[in-house]
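Working through the structure, step by step
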Amino acid sequence: MDKSFLHEAISPLPLLLWDTAFPIEEIKDNRPFRNAGGLLVKRSPLNREALRLCGCEPAIQNHEASDYECFAALCMATPLLVGHRAATATGILLKEVFGLETPLSPYQTEELWAVLNEIIEDRALRPSDVAEALNVESICYRCDPLISPAPLTFGQVDVYPIFDLTSPLSTLASLPSAGQSMSDAVKELTDRLADFLAAGCVSVRFVLPKTFRFARNSRKKEVDDLLCRLAEGGALSIEEKNQLLTSLVISLSRSITERGLILLLDTEVEEDELIALYDYLALNGSVPETLLCTPLPTNYRTFFARHTVRTEKGLPSLLPVGEDFRTLAASFPVGTAVLPCGTVCDTVSLAEGFRQREALTEALVAFDAEPDALASLAEDVVYGNIKNRFSI
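Since this is a predicted model, take the numbers as computed values, not measurements. Along each chain, residues carry numbers from 1 onward, in the same order as the chain's sequence is written. Selection of residues for local features in this predicted model requires a pLDDT of at least 70, selection of side-chain atom pairs for listing and counting requires 80 or more, and totals for whole chains, interfaces and linings are taken over all residues. Only heavy atoms go into the side-chain values, all of them from the structure, while hydrogens and water stay out.

Remarks on the pairing of strand β3 (residues 158-165)
Most of β3 is tucked away, with 7 of its 8 residues classed as buried. In this sheet, β3 lies alongside strand β2 (residues 136-143) in parallel orientation, the contact comprising 6 bridges. By the bridge assignment, Ile139 is partnered in β3 with Val159. Using a 1.4 Å probe on the protein chains alone, a residue whose accessible area is under 20% of its type maximum counts as buried, one over 50% counts as exposed, and one in between counts as partly exposed. Counting from the N terminus, the helices are the DSSP runs of H or I reaching at least four residues and the strands are the DSSP runs of E reaching at least two. DSSP calls a pair of strands paired once it identifies at least 2 bridges connecting them.

Here you go:
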């Protein structure tokens, strides 16, 4: 297969950023950038962390340095950051947004400062402009379930809140109904989920800890007593927490399935425990369409072989997520989407989608397909059966 032809098929596809830590303030305010130092450092946690790793002065981390000093520090550190995701994302952003082919360099600091600032000022460049230049179609941002989200606009980019249960038991204990019963608490959660649906929510994020074990024999009264103790600030053992987590994820999966939402399941749990959970959900007809967000996707081959269910379009509804595209491409069938999640934390890291597309191109070169089927193949692998959620 021709790699360049495949790249041409993939690169025009819009980016759907399914799970991000993109700051809601950047979406709400969409403030213009003052200059290159503000864009690339002061409003970029990704690059500030990279500078910290390079031993830059604390003043840059604490926003005490001037914008120019921050920009100069990034130029100075760039040669040391070759291969780091921050340098890669910054280089892509400079190319796609500013039309600059050369990376930042300590030998061209003043010249680059002037060129970038002129473009920023002329365009009154905002975060939404950067997203549009990077062909971002939609951004899903994590939102506290206890705070009702308001519909937001972000230039031409669609934004969607994620019903974010990063700490599901803490959220559960914070509910007024937690002192009553699990069923009451779940009802309150699903009522709050209705507010998210009104704001365009299409997914629920649930972090299942590595210590999770499927609690097969939990009784309702026992679970209610544990939840009441948790709400009162009592300590629970890992086994007791697993009883609550099992009950909660089963109840929520039913609600997620009924509402046609997607479950973003963020976990490194042992495969056998994940299989046991989904066996139970399948037995009760409540397996939600799932994006498995994990740094260890190839550890779940048996899980996907067992629980990949087919939709009316013939595509899997369980979708692995990860960045090791070459390994994933060999492990999962074409049509199973490979979606990088959770990497976007600021405007600069929006550019990582381009890096991931390059890696995906490398992964798909080995597939044997006719050129006419190439675009369809690429689209299936990038989006799987979820692209219609956004009418792509």
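Focus on the pattern of salt bridges
One side chain can pair with another of opposite charge once the charged atoms of both are near each other. A carboxyl oxygen of Asp or Glu within 4 Å of a side-chain nitrogen of Lys or Arg is what we treat as a salt bridge. Here the structure, examined in full by the defined rule, presents 16 salt bridges. Close ionic contact of Asp67 with Arg34 constitutes a salt bridge, the shortest N to O distance being 2.8 Å. With Asp67 in helix α6 (residues 67-77) and Arg34 in the loop between α2 (24-29) and α3 (36-42), the pair connects residues that are 33 residues apart, well separated along the chain. Judged by its relative accessible area of 9%, Asp67 falls in the buried class.

Concerning the environment of Arg123
Relative to the helices and strands, Arg123 resides in helix α8 (residues 109-123). Residue class for Arg123 comes out partly exposed when judged on its relative accessible area of 46%. Between the alpha carbons of Arg123 and Pro32 there is a distance of 9.2 Å; along the sequence they are 91 residues apart. Any two residues whose heavy atoms approach within 4.5 Å at even a single point are treated as in contact. In this structure Arg123 touches Val97 and Asp129, once residues within four positions along its chain are discounted. Here a polar contact is taken to be a pair of N or O atoms separated by no more than 3.5 Å, where protein atoms must pair a possible hydrogen donor with a possible acceptor and residues adjacent in sequence count only if both atoms sit in side chains. A polar side-chain atom of Arg123 sits 2.8 Å from the main-chain carbonyl oxygen of Val97.

Things to note about the packing of aromatic side chains
Stacked, edge-to-face and tilted labels apply to pairs of Phe, Tyr and Trp rings (six-membered ring for Trp) whose centres lie within 6.5 Å, assigned for plane angles under 30 degrees, over 60, and everything in between, in that order. Using the criterion set out here, one finds 6 aromatic pairs in the structure. Taken together, a centroid distance of 5.9 Å and an interplanar angle of 65 degrees make the contact between Phe22 and Phe154 edge-to-face. You can see Phe22 sitting in the loop between β1 (15-20) and α2 and its partner Phe154 sitting in the loop between β2 and β3, a full 132 residues away along the chain. Using a relative accessible area of 0% as the deciding quantity, one classes Phe154 as buried. Centroid distance Tyr278 to Phe303: 5.1 Å. Interplanar angle 80 degrees. Geometry classified as edge-to-face. Here the residue Tyr278 occupies a position in helix α14 (residues 271-283), and Phe303 occupies one in helix α15 (residues 301-307), the gap between them amounting to 25 residues. When sorted by exposure, Tyr278 lands in the same class as Phe303, which is buried.

Digging into the nonpolar core
As used here, the term nonpolar core means buried Ala, Val, Leu, Ile, Met, Phe, Trp, Tyr and Cys residues forming a set that is joined through side-chain atoms within 4.5 Å. Ranked by size, the top nonpolar core spans 94 residues in total, and within it Leu40, Phe98 and Phe206 carry the most contacts. Beyond its immediate sequence surroundings of up to four residues, Phe98 is in contact with Leu39, Leu93, Leu116, Ile119, Ile120 and Leu125. By size, the runner-up hydrophobic cluster in this structure holds 10 residues, among which are Leu16, Trp18, Ile162 and Val202.

Here we look at the side chain of Ser181
Here Ser181 is to be found in the loop between α10 (168-174) and α11 (182-198). Among the residues examined, Ser181 registers a relative accessible area of 8% and is labelled buried. For Ser181, the side chain forms a polar contact with the side chain of Ser183, separated by 3.0 Å. A distance of 3.0 Å separates a polar atom in the side chain of Ser181 from a polar atom in the side chain of Asp184.

Details of unusual backbone geometry
The phi torsion at Asn30 lies on the positive side, around 45 degrees, for a residue other than glycine. The backbone of Asn135 sits at a positive phi, close to 65 degrees, despite the residue not being glycine. By secondary structure assignment, the location of Asn135 is in the loop between α9 (127-133) and β2.

Worth remembering: the numbers are spatial, not functional.
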